[in-house]
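Results of the structural survey
Letter by letter, the chains look like this.
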Amino acid sequence: MPIPSRLDLEETMIRETIKELIPYKVTQIENVVRLDANENSNNLSFMIDAEDLNRYPDNDASTLKKAIASYLSVDQEEIIVGNGSSEMIELLMKTYIEAGDNILGFDISFSMYKIFAKIYGADYISVSNDNYVMDMDDLINQAILKQPKLILICNPNNPTGYLINKTDIERLCKSTKSLVVVDEAYIEFCEGSMINRLGDYDNLIILRTFSKAWGLAGARVGYLIASQTIVNDISKVKAPYNLNALSQGAAIKALENSCETFKNVDEIINQREYVYNQMCEMGYKVYKSAANFLYFEEKESLYDELLSCGVLIRAFGNRKYRVTIGSKSDNEMFLEGLQSVQTRMVI
Ligand SMILES: *Cc1c(COP(=O)(O)O)cnc(C)c1O
């Protein structure tokens, strides 16, 4: 593709607010152990019926919603499903954000919050968690001061793995009229979901996904649970047939086989603790994690050095890295990679 000249850039009709955005890039490298995207390395590959692809999918995804409702003991009317929780984040902005509104969250956290905020013309105000701890007092103070429309909390947090306790999130819900969105993309890997508090707070919204613990990243299925008022609001802007029939089918199958998922989750948690301990023993500064990944610090060249050992991790700059906990053999490859890098350092 030709690189646009300055003139082209000036002549584009693109909206002013999104001019500066850079398209989301994903590192596509073949034949490596992929520990960069927090996917599940276990492929459950359920067979799904694909008979009715001549028809539009169920617009309400009622079978899937019924299955989710029974899994979480919530009302079916309190759920919206879509193309990954990413679509849920965007739907929230589409529904509630006017240009110039404030959105509050932590930094560092899931990168898409800031990007969607920018697309919808909101100011993303962040509270620093550079020291790893997410300080709820700081966040509450900012919420009172800045009156954001939305407060986005990732719990446990991506990429740090830090888990905020429920009492703190409840304190936040009580002390603000803002909508409190708790992104529980990794909640299956720990205790502490806010699901059973939904009835207590009208401003509480929970996001979940099938992309991580449930091993369905390729199917793109996520959902939102909130009060019926919020669900009604969001339903006004949701595109018709937003979740295709194949993905609805895959998520239903996954829920029918939830035992397998939870067995796999237990293994990942054991592996996470094993890898954590091994890394500590090697002398790495690695943070305690409640999710399926570990956040750690190391010299600048680690990303390339591990890649030359056939292992792909995520680099965040500033010598911070995140590694996904994969299968036993994936994790061994990663640890062996770290060993060989260290040995080279000593020589
Ligand atoms: C992976 C991830 C998601 C998005 O997942 P989808 O594949 O869009 O469902 C959402 N939030 C966080 C924090 C994530 O890490």
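Here the structure is a predicted model, which is why all the values come from computation and not from measurement.

It is worth spelling out the domain arrangement of the protein at this point. Once the domains are mapped, the protein shows domain 1 (6–42 + 259–346) and domain 2 (62–257). Between domain 1 and domain 2, the C-alpha centre-to-centre distance is 23 Å. With 29 residues of domain 1 at the contact, the number on the domain 2 side is 27 residues. Between domain 1 and domain 2, a total of about 2300 Å² is buried, with carbon and sulfur atoms accounting for 64% of that surface. For the domain 1 face of the interface with domain 2, the top three residues by lost area are Thr261, Ala290 and Tyr295, together amounting to 21%.

Moving on, we come to the environment of Gln142. Examined against the element boundaries, Gln142 turns out to sit in helix α5 (residues 136–146). For Gln142 and Gly105, which are 37 residues apart along the polypeptide, the C-alpha to C-alpha distance reads 9.5 Å. The contacts of Gln142, once residues within four sequence positions are left out, are Leu104, Ile125, Val127 and Gln147.

We now examine the pattern of salt bridges. As enumerated under the stated definition, the model contains 13 salt bridges in all. Between Asp107 and Lys114 there is a salt bridge; the shortest N-O distance is 3.2 Å. A relative accessible area of 28% means that Asp107 is categorised as partly exposed. Among the residues examined, Lys114 registers a relative accessible area of 40% and is labelled partly exposed. Within this structure, Asp137, Asp168 and Arg171 form a network of salt bridges that share partners.

Close to the ligand lie 13 residues; Tyr186, Thr209, Ser211, Lys212 and Arg220 are nearest. Thr209 is positioned with one of its side-chain polar atoms (N or O) 2.5 Å from an oxygen atom of the ligand. A distance of 2.6 Å separates an oxygen atom of the ligand from a polar atom in the side chain of Ser211. Element by element, the count of residues in the shell around the ligand is highest for helix α3 (residues 84–96), at 3 residues. Of the residues contributing to the shell around the ligand, the split by class is 4 nonpolar, 6 polar and 3 charged.

For the rest of this paragraph, the subject is unusual backbone geometry. Of the consecutive residues Asn155 and Pro156, the connecting peptide bond is found in the cis state with omega at -5°. Position of Pro156 among the secondary structure elements: in the loop between β5 (150–154) and α6 (166–175). Note that the residue after Asn158, namely Pro159, is joined by a cis bond; omega there is 15°. With respect to the helices and strands, the residue Pro159 is situated in the loop between β5 and α6. Unlike most non-glycine residues, Ala61 shows phi in positive territory, near 45°.

The next subject is the pairing of strand β2 (residues 79–82). What you see with β2 is no split at all: Ile79 and Val81 on one side and Ile80 and Gly82 on the other are buried throughout. In this sheet, strand β8 (residues 222–225) lies alongside β2 in antiparallel orientation, the contact comprising 4 bridges. Across the sheet, the residue bridging to Gly82 is Gly222, located in β8.

For the rest of this paragraph, the subject is the side chain of Asn158. Looking at the secondary structure, you find Asn158 in the loop between β5 and α6. Here the side chain of Asn158 touches Arg322 through a polar contact of 2.7 Å, side chain to side chain. Once you skip the residues sitting within four places of it in the chain, Asn158 turns out to touch Asn38, Ser109, Phe110, Tyr186, Phe293 and Arg322.

What follows covers the packing of aromatic side chains. If you walk through the whole model with that rule in mind, you get 15 aromatic pairs. The interplanar angle of 35° and the centroid separation of 6.3 Å between the aromatic rings of Tyr71 and Phe262 together place this pair among those described as tilted. Of this pair, Tyr71 sits in helix α2 (residues 62–72) while Phe262 sits in helix α9 (residues 258–281); the two residues are 191 residues apart in sequence, bridging distant segments of the chain. Judged by its relative accessible area of 27%, Tyr71 falls in the partly exposed class. Centroid distance Phe110 to Tyr113: 5.5 Å. Interplanar angle 80°. Geometry classified as edge-to-face. For Tyr113, a relative accessible area of 1% gives the class buried. Among the aromatic side chains, those forming a connected cluster through ring pairs are Tyr71, Phe210, Trp214, Tyr223 and Phe262.

On to helix α4 (residues 111–119), then. Within α4 the residues assigned to the buried category are Met112, Tyr113, Phe116 and Ala117. An end-on view of α4 places all buried positions within 135° of arc, on one side of the element. Looking at the buried side of α4, the elements it contacts are α3, β3 (102–107), β4 (123–128), β5 and β6 (179–183).

Following the sequence through the fold, Thr261 ends up in helix α9. The sequence separation of Thr261 and Asn42 amounts to 219 residues, and the corresponding C-alpha distance is 9.4 Å. Excluding anything up to four places from it in sequence, Thr261 contacts Leu44, Ala213 and Trp214.

So, how was this worked out
Residues numbered from 1 in each chain as written. Predicted model: local features only at pLDDT ≥ 70, side-chain atom pairs only at ≥ 80, totals over all residues. Heavy atoms only, no water. Domains from an automatic or database assignment. Contact = heavy atoms within 4.5 Å. Buried area = accessible area lost by both parts, 1.4 Å probe. Helix = DSSP H or I, 4+ residues; strand = E, 2+ residues; numbered from the N terminus. Salt bridge = Lys/Arg side-chain N within 4 Å of Asp/Glu carboxyl O. Buried < 20%, exposed > 50% of the residue type's maximum accessible area, 1.4 Å probe, protein only. Near = heavy atom within 4 Å. Polar contact = N/O pair within 3.5 Å; in protein donor to acceptor, adjacent residues only side chain to side chain. Nonpolar A, V, L, I, M, F, W, Y, C, P; charged D, E, K, R; others polar. Pairing = 2+ DSSP bridges. Phe/Tyr/Trp six-rings, centres within 6.5 Å; stacked < 30°, edge-to-face > 60°. Arc of directions from axis to C-beta.

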